[in-house]
Structures are given as structure tokens and as C-alpha cells.
Amino acid sequence: MQKNEIFRLTAEKLGADMEGICRLNGVPVFVPGMLPGEEADVRIVKTEKRYAFGRMEAPPAVPSPERRDPGCPVYPRCGGCTCRHMNYAATLEGKRLQVQDCFERIGGIRLEIPPVLGMENPLSYRNKTSLPCGGSTTDPVLGFYAPRSHAVIPAAQCPNAMPPAGEIARCFLNWMKSFRMEPYREDTHTGLIRHLVIRVNREGKSMVTVAANGSRLPHAEELASALKRLGTESLWLNENKERTNVILSGYFHLIYGRETLPDTLCGLRFELSPASFFQVNPAQTEKLYDTALQFANLQSHETVCDVYCGAGTITLAAARHCASAAGIEIVPAAVENARRNAERNGIRNTVFHAGPAEILLPRLVRDGLRCDAVFVDPPRKGLEPAVIRAVAEANPSRVVYVSCNPATLARDAALFLEAGYRTVRAQPVDMFCWTSGIETVALLEPAGKE
């Protein structure tokens, strides 16, 4: 098998990125856009020792019954989605099989994974949209980066974004054209406008942040006036003059409006700043957290620890069902947000600790921390072994693991088994519709418990 050779291949199943997996002389060939059962001419575009990547030369002669019109004019050139060419039910089944495969192949755990909890209407679900700016002074564009590049694909109107994000993006582009605002260029580190970040709450009100390669935004009054007509409650300038791929720096300047955007989640009220972390799909987040709370089955006399608590959403939701809840988070600003959120919602049985979980949790356990239930919601890399050991030493009767990466979840489930905790059940939730991303809630209990 050589680069640029063409072979007639048949896809057997879906991979972790929702690409078709074919086999050529026993070697897996990953082909984006190909569905199981489809046959197509595939050009080899890259080879590795144990696998290869291919590209369909033309659509399959006999398309899968699961194939559909993507419903987006820039798919798949835009790198935001990976499976809009499939019907929604097929994406959910693909994600379910991915979770089950990870448990078996990586964790050595046989677990029957139930159907994924999907959305009733998987459109307009994202409450935050970050659009890089490209093009030229006379013809600026907003969109998303093409896969594996920083070429901006124009996509100001994203079908995944909550309204009025599309209107705001078009309004911003008109402002850029009217005043000849120069888009930022990474190669020369010139130009002003880097990103437009739009956050929308469940009432349709918005907060807009302009990430700029400068300390001021010319003609900001004209922009503010146009945005106000679209329900924008605040406009921020983020001063980002570094040569970096990071969208937002730590330097924010309020141009007009209120400093925070109010929103609700799980019956709790939150005030969001431009830098606040908040789950992007509120409807599915409520399903995710409801599942986590169901798995925990908290009682009014129990104590809870929430590791990687962020701004305290799970901690506060759990605190309403137990005697006390403690949250641990490495980001000090998030901890301060969690404390304010507890006060804002009149929740007084919580305490929050700032520090790395792998250092702070073992210290708290050595100092006598014991829990009836522990929630962990780590980043994609999963848990540090020190956290797993400390959780086991805290001796909870339930561990609820909320994961955004089934591979590291399965790896950690195997480590928990070594520490005396077995995985009892798992429930995937589709937080990021039309992408390969999948959230999973897993319940672990002491291995000796019947």
C-alpha cells in the first residue's frame, strides 16, 4: 500500500472520529465520510506502520440507508462536525458502540451500554460560538477552521448555534466591512480582529466578546448600537496581542452593558462572565447531571465530594440532596465563581477548595475526609492515579464518574477495579450533536458489594 494508490474498499464499522474503517490486507484504513457497508474507490493519502488514511474518490455507488443530506452548506470543509452525513439515530448508535468498545478493549470490562440519551431536536443547541476571523479588509469572513489547519472556512450561520448567534455574526461582518476592520493574520501577526465569541442564554440574550490584536476597538460605539438591537446585553474587548492559538487572553475590557450574563441550569441561577466555563448544551447538560444524581442516589444525611468541580454546577445540584458537599478545582477563578454561585442560590452546605486534585484530595483524605459519594468530572486526559487512590481511601459507597473521553474512562475504570471499585453501569449522553464527542456517566461501587 503506497500513498496515492486507489483501492476499492468496503467500510466495516465506524472509528472514534466517526470515520469509516476499511481493511486492506488486514491493515485498517480510516476513511472520513464513509459509512459501514458502503463500497467506494479510496485513495490512500497517508500511511503509517499499522494503519492508513484514505479519501473517497467519489460518493459510494450504493449509499447506506443511514446516509442523509448534511443540512449545512460548508460540511465537511468546516471542521466543527464529523457526522452530519449520517442520520441522527445512526450517530447515537455509533457513539454507543464506541463507549462499549472502549470498556472492552481498553478496560477489559464487559458492560452492556444502553442507548445514548440524545436530543429530541438536535439543532441550535450550542450556547457559545467562537468564530475565527479571516479574509481581507474588504471581504472579511467568520467561520471555523478547516480540519487540521487554520484556514478559516466561512460559516457565520452555524446550524448548531443558538439564535441569534447567526444574526450577531452577520451584524459583526457588516460592521467590519463598513469600517474596514482588518482581520488578524497569524503568519505576520498583523491585523486587529482575531475571534468573535458569542454567548447566548436560554432567554435569547447574548454577550459578545471581540478578541483583538490590540488594546482598543475603533468604532466600538457603532458596533454596540447595532448589537443592542439584537438583544446583546454586553460587549467586551479581549486584548490578545500574543502569538498564540489561545482564543482569549486574561485581559478583558467592558465596552458597554452588564458584566455578566444570567443563565439557568438544573434549576440553579448562574452569572456568566466572558471567561466563565459553562457547558455548551444546556438541555443535554441537565440530562447528564440528572443521570449523575440518579446514579449517586444521595440521602439527606450523606456527605459528598465533587472533584474537578469547575464553577460548582454538580456540587450545587448535589448539595440540595445531601447534608454537605465539598468541591475541588484547580482554577482559582472557577472556585470563586462556585462560591458566588452557592451564595446566589442560597446554598449554604458547600465548601470549595482551590488546588490540583492529585495533591489536594490525598491531603484532605489524610486529614480525615470521608465521603458517602464522590463525583469526578476530569478533563479528557482522565484521572491521575493519585486521585484514584485517594478516592478509594475516602471509602465512598458510590463513585460517579462523568467523562468526556470514553478511552480514558475505560482506562480509569480498570485502575479503579484494582483499587477495589467495579463499574456497575454506564450511560452515554449526546452533548455535542453531529460531532464524534460523547459524554458518559459511570457508576462504580465497592467490588464486594452485591
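Because the structure is a prediction, the values reported are computed rather than measured.

Enquirer: Which parts of the structure should I look at to understand the overall build of the protein?
Expert: Assigned secondary structure in the protein consists of nine helices and 21 strands. Taking the principal axes of the C-alpha coordinates as reference, the protein spans close to 65 × 60 × 40 Å. Considering only intrachain contacts with a sequence separation of at least 6, the fraction spanning at least 24 residues in the protein is 62%. Accessible surface, the protein as shown: approximately 20,300 Å² in total, 50% of it carbon and sulfur. Between the centroid of the 52 positive side chains of the protein and the centroid of its 49 negative side chains there is a distance of 3 Å.

Enquirer: Could you clarify how one ought to interpret the packing of helix H7 (residues 357-366) against helix H8 (residues 385-394) in this entry?
Expert: Angle between the axes and distance between the axes: these two values describe a pair of packed helices. Their axes nearest at 8 Å, the elements H7 and H8 cross at an angle of 20 degrees. Classified by the angle their axes make, H7 and H8 are roughly parallel. Of the two possible hands of crossing, H7 and H8 adopt the one that is left-handed. Where H7 approaches H8, its residues Ala357, Glu358, Leu361, Pro362 and Val365 are matched on the opposing element by Ala386, Val387, Ala390, Val391, Glu393 and Ala394.

Enquirer: Please explain the sheet that holds strand S20 (residues 421-429) as it appears in this structure.
Expert: Adjacent strands of a sheet pair through backbone hydrogen bonds, lying either parallel or antiparallel. Pairing in this open sheet of seven strands is mixed, and the strands run S17-S16-S15-S18-S19-S21-S20 from one edge to the other. One side of each edge strand has no neighbouring strand; the edge strands of this open sheet are strand S17 (350-354) and S20. Going from strand to strand, the sheet's axes swing by 15 degrees on average, the running direction of each strand aside. Most of the contacts of helix H6 (residues 332-344) go to S17, to which it runs at about 170 degrees, and overall it touches strand S16 (324-329) and S17.

Enquirer: Explanation requested: the pairing of strand S4 (residues 39-47) in the structure shown.
Expert: Two faces make up the sheet, and in a regular strand the side chains alternate between them. Pairing analysis gives five bridges linking strand S1 (residues 6-14) to S4, with the strands arranged antiparallel. Considered in S4, the bridge of isoleucine 6 is made with arginine 43.

Enquirer: Hey, could you run me through the sheet that holds strand S7 (residues 140-145) in this one?
Expert: Within the open sheet, the seven strands sit side by side as S8-S7-S6-S9-S10-S11-S12. Their pairing is mixed. Sheet topology places strand S8 (152-154) and strand S12 (252-257) at the edges, where each strand pairs with a single neighbour. Strand after strand, the sheet turns through a mean of 35 degrees between neighbouring axes, direction not considered. Here five bridges tie strand S6 (residues 128-135) to strand S9 (residues 193-200), and the two strands are oriented antiparallel to one another. By the bridge assignment for S9, serine 130 is matched with valine 197. Most of the contacts of helix H3 (residues 220-228) go to strand S11 (residues 232-239), to which it runs at about 145 degrees, and overall it touches strand S10 (206-212), S11 and S12.

Enquirer: Can you walk me through the nonpolar core in this structure?
Expert: Side chains of nonpolar character tend, in soluble globular proteins, to be buried together. In this structure, Phe103, Leu142, Phe172, Ile193, Leu217, Leu361 and Phe416 are the most contacted members of the largest nonpolar core, which totals 85 residues. For this core, the element with the most residues is helix H2 (residues 165-178), which contributes eight residues. Excluding residues that lie within four positions of it along the chain, isoleucine 193 makes contacts with Cys133, Phe172, Trp175, Met176, Met181, Glu182, Pro183, Tyr184, Val210, Ala211 and Leu217. Listed in part, the 35 residues of the second largest apolar core include Cys322, Val335, Ala342 and Val429.

Quick notes on the rules
Residues numbered from 1 in each chain as written. Predicted model: local features only at pLDDT ≥ 70, side-chain atom pairs only at ≥ 80, totals over all residues. Heavy atoms only, no water. Helix = DSSP H or I, 4+ residues; strand = E, 2+ residues; numbered from the N terminus. Contact = heavy atoms within 4.5 Å. Areas by Shrake-Rupley, 256 points an atom, 1.4 Å probe, with all protein chains shown as cover. Lys, Arg positive; Asp, Glu negative; His and termini not counted. Charge placed at Lys NZ, Arg CZ, Asp CG, Glu CD. Axes fitted to C-alpha atoms, helices over the stretch in contact; angles between N-to-C directions. Parallel < 35°, antiparallel > 145°, perpendicular 65-115°, else oblique. Left-handed = near helix turned anticlockwise from the far one by under 90°. Pairing = 2+ DSSP bridges. Core = buried A, V, L, I, M, F, W, Y, C linked by side-chain atoms within 4.5 Å. Buried < 20%, exposed > 50% of the residue type's maximum accessible area, 1.4 Å probe, protein only.

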